[in-house]
Amino acid sequence: MDDPPESEPGPDPVGPPSRPRLILTGVFFLAGAFRGLAAEPTPAEIEKQMFGLVNQARRTHQKKPLTYDARLAAVARAHSTDMSRNAFFAHRSPRTGLVGERLWAAKIKVLAAAENIALNQTVEIAHRRLMDSAGHRKNLLSDILTHIGIGIVKGPGRRYYVTQVFATPAPEVPLKGLRDRLLKDLNQARVARGRLPFQANPTLGRLAGEVAAETARAGRAGPVDISARAKAAGFKHQRLSMARVRTFDPREIATAAALFKPRLGRIGLGVGENTTRPDLGYGIFWVVAIYTDE
């Protein structure tokens with residue numbers, strides 16, 4: 001006969017329970033344990049849950065939803081792992097520095113970036129406390145930041161290390177043929193304003209390239225004697241000028257006011273990419289225009 005259901009009352013058993021009852025009871029508890037393990041969400045599921053909470057909060061406050069970015073998530077997850085393994089809780093890591101340096105190391109180009117961190121037993125508590133903090137709430141509801149990556153790692157005491165990395169991506173700029181494209185854009189803008197187009201000059205282009213590379217290595221726009229350099233290169237001129245722009249988008253050189261004077265002639269353009277200043281950001285360019293003003 002089958003054993004009665006556990007909810008059904010019956011007489012106390014006489015003597016030790018039979019072996020089948022012990023086996024069945026053991027299977028019941030083991031199955032329950034396996035169900036408990038299977039029900040525990042994975043880190044990816046928890047990260048997805050928090051992403052939903054973030055965009056739900058943004059919708060509540062009439063903000064556009066953030067776009068999830070896997071590369072930002074990898075940076076966030078690495079920082080959460082770092083904090084968990086090395087028993088610290090801070091934006092600055094002894095190994096990787098601040099979020100800007102981590103983005104630099106990952107070669108992620110951003111116009112703006114921010115980071116939130118939390119350490120709580122659930123993502124719901126973490127989200128609520130971040131929203132209750134003015135600085136973290138500002139990042140969560142920013143009108144400037146458009147993308148997010150979330151990295152969550154379980155640490156000791158069943159607490160979760162949470163890192164949220166926010167960013168506004170910089171435009172991707174192909175370097176091949178860039179100077180020709182910049183000159184074309186600049187001349188189109190000049191013609192649209194009733195100005196004559198520039199004439200590209202190889203010597204000025206070489207000098208502009210040298211200055212751009214030097215400026216990028218230095219990470220700042222230092223003094224340059226353009227006339228002396230042009231004279232040494234055998235370039236004859238009456239008046240020579242230079243414009244330098246630090247930008248994520250080199251096309252901004254076409255908006256430099258100095259390049260829209262009525263009478264400008266020959267020009268050389270140079271582009272140097274920042275490789276020495278993590279604080280300026282990966283993907284920052286120095287664009288140099290050297291031109292005759294005669």
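The paragraphs below set out a description of the structure included in this document. On a predicted model such as this, the values are computed, not experimentally measured, just so you know. (Residues numbered from 1 in each chain as written. Predicted model: local features only at pLDDT ≥ 70, side-chain atom pairs only at ≥ 80, totals over all residues. Heavy atoms only, no water.)

### As for the overall build of the chain
In step 1: Counting its regular elements, the chain contains nine helices and eight strands.
In step 2: Looking at the chain as a whole, 41% of its 294 residues are labelled buried.
In step 3: Expressed as a percentage of contacts within the chain between residues at least 6 apart in sequence, the contacts between residues at least 24 apart total 71%.
In step 4: Accessible area for the chain stands at about 17,100 Å²; split by element, carbon and sulfur atoms hold 56% of it. (Helix = DSSP H or I, 4+ residues; strand = E, 2+ residues; numbered from the N terminus. Buried < 20%, exposed > 50% of the residue type's maximum accessible area, 1.4 Å probe, protein only. Contact = heavy atoms within 4.5 Å. Areas by Shrake-Rupley, 256 points an atom, 1.4 Å probe, with all protein chains shown as cover.)

### Some details on the nonpolar core
In step 1: Among the nonpolar cores identified, the biggest contains 22 residues, and Met-50, Ile-148, Ile-152, Val-162 and Phe-166 are the most heavily contacted of them.
In step 2: Elements supplying a minimum of two residues to this core: helix H2 (43-60), strand E2 (110-120), helix H5 (123-132), strand E3 (147-154) and strand E4 (160-169).
In step 3: With six residues, the top contributor of residues to this core is H2.
In step 4: Those residues within four positions of Phe-166 in sequence are excluded, and the remaining contacts are Leu-66, Ala-112, Ala-113, Ala-114, Glu-115, Asn-116, Asn-139, Leu-140, Leu-145, His-147 and Ile-148.
In step 5: Judged by nonpolar contacts, the second largest core, of 20 residues, contains Val-173, Ala-243, Ile-267 and Tyr-291. (Core = buried A, V, L, I, M, F, W, Y, C linked by side-chain atoms within 4.5 Å.)

### Section: the packing of H2 against H5
In step 1: Two numbers describe how H2 lies on H5: the axes approach to 10 Å, and their chain directions differ by 35°. Pair H2 / H5 crosses with right-handed handedness. Mapping the contact onto sequence places Ile-46, Gln-49, Met-50, Leu-53, Val-54 and Ala-57 in H2 and Val-123, Glu-124, Ala-126, His-127 and Met-131 in H5. (Axes fitted to C-alpha atoms, helices over the stretch in contact; angles between N-to-C directions. Left-handed = near helix turned anticlockwise from the far one by under 90°.)

### Examining helix H3 (residues 70-85)
In step 1: Along its 16 residues, H3 runs 22 Å from first to last C-alpha, staying within 8% of the 22 Å computed at 1.5 Å per residue.
In step 2: Every buried residue of H3 is accounted for by Leu-72, Ala-73, Val-75, Ala-76, His-79, Ser-80, Thr-81, Asp-82, Met-83 and Ser-84.
In step 3: Measuring from the backbone nitrogen of Arg-71 back to the side-chain oxygen at the start of H3 gives 2.9 Å, which picks out Asp-69 as the cap. (Expected span 1.5 Å × (residues − 1). Polar contact = N/O pair within 3.5 Å; in protein donor to acceptor, adjacent residues only side chain to side chain.)

### A look at the sheet that holds strand E7 (residues 266-273)
In step 1: The strand order E5-E7-E8-E6 describes an open sheet built from four strands, whose pairing is mixed. Among the strands making up the open sheet, the edge pair consists of strand E5 (199-200) and strand E6 (240-247).
In step 2: Seen against the sheet, helix H7 (residues 178-192) touches E5, E7 and strand E8 (285-292) and runs at an angle of roughly 130° to E7. (Pairing = 2+ DSSP bridges.)

On their own, these measurements won't tell you what the molecule is for.
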